[in-house]
Amino acid sequence: MRASDKAYAALREDIIEWRLAPGTVLAEVEQSERLGVSRTPVREALSRLTAEGLTTAAGGRGVVVTDISLEDIDEMFELRETLEGKAAALAAERGERTVFEQLHADLLRAPELISQDDPARHAYYALVGRLDEAIDAAISNSYLAQAMRSLRVHLVRVRRLAADDAPRLNAAAVEHAAIAEAIAAGNAKLAEAATTLHLHRSLSHVKATHSPNEENHG
């Protein structure tokens, strides 16, 4: 792995996992020492992160981690409903049913993953990631898949706001299972409706229980 790729991956994960909170100044010297690479790879990594919207130039402060406001979240979910609803419908029409039947079964067992001693819920989010990847593969539309991947970079940060809320994660697992079940059944309208319901409940939960501007996002 190139040094710039290493720096990018490390910084990206730290931002997504809230180890680098919004407003954190990412000084090249400090980050190069922390990551064990020279300043040039860090500069290249910060440029990529800024292109993704995870960092931004802040005048004399240099590069800082971007904030996520409630308005930002509203806008993300507006786009997410359009993209993911269509993708779920297309997956129901084009996808391999056995793939989504297995995902449905796995998602029904998701509470076992959520109850594990892992505050970040890595196993659960990996399972959700498998559903995302299966839908991306099923839709056979590279433009739609790329648009969703770009949006997910920011959605992962929003998801982590609820990482410590087991009841909501259990409910979300049921909702994801319903999406997988509808796709497996080849029911495009139901798959889209199940996706819309999941997104509505997720947005309501985030807005009701979290302030993105709080210093503690754990």
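Just above sits the structure.
An account of the accompanying structure is given in this report. (Residues numbered from 1 in each chain as written. Predicted model: local features only at pLDDT ≥ 70, side-chain atom pairs only at ≥ 80, totals over all residues. Heavy atoms only, no water.)

### Concerning the pattern of salt bridges
Where side chains of opposite charge bring their charged atoms close, a pairing between them can arise.
Move 1: Here the structure, examined in full by the defined rule, presents 17 salt bridges.
Move 2: Linking Asp106 and Arg109 is a salt bridge whose minimum nitrogen-to-oxygen distance equals 2.6 Å.
Move 3: Overall, the relative accessible area of 13% leaves Asp106 in the buried class.
Move 4: If you follow the salt bridges from partner to partner, you end up with Glu13, Asp14, Arg19 and Arg34 in one network. (Salt bridge = Lys/Arg side-chain N within 4 Å of Asp/Glu carboxyl O. Buried < 20%, exposed > 50% of the residue type's maximum accessible area, 1.4 Å probe, protein only.)

### Regarding a negative patch on the surface
Move 1: On the surface, a cluster of negative charge is made up of Glu71, Glu75, Glu78, Glu81 and Glu192.
Move 2: If one sorts the elements of the negative patch by residue count, helix α4 (residues 70-94) sits on top with four residues.
Move 3: You can call Glu81 partly exposed: its relative accessible area is 40%. (Patch = residues over 30% accessible without salt bridge, like charges linked within 9 Å, V, L, I, M, F, W, Y side chains within 5 Å. Areas by Shrake-Rupley, 256 points an atom, 1.4 Å probe, with all protein chains shown as cover. Lys, Arg positive; Asp, Glu negative; His and termini not counted. Charge placed at Lys NZ, Arg CZ, Asp CG, Glu CD. Helix = DSSP H or I, 4+ residues; strand = E, 2+ residues; numbered from the N terminus.)

### Observations regarding unusual backbone geometry
Move 1: A positive phi angle, close to 70°, is found at Trp18, a residue other than glycine.
Move 2: Despite not being glycine, Ser140 has its phi angle at roughly 55°, a positive value.
Move 3: Secondary-structure assignment places Ser140 in the loop between α7 (122-139) and α8 (142-160).
Move 4: For Ser140, a relative accessible area of 61% gives the class exposed.

The values reported here are purely geometric and, on their own, carry no functional implication.
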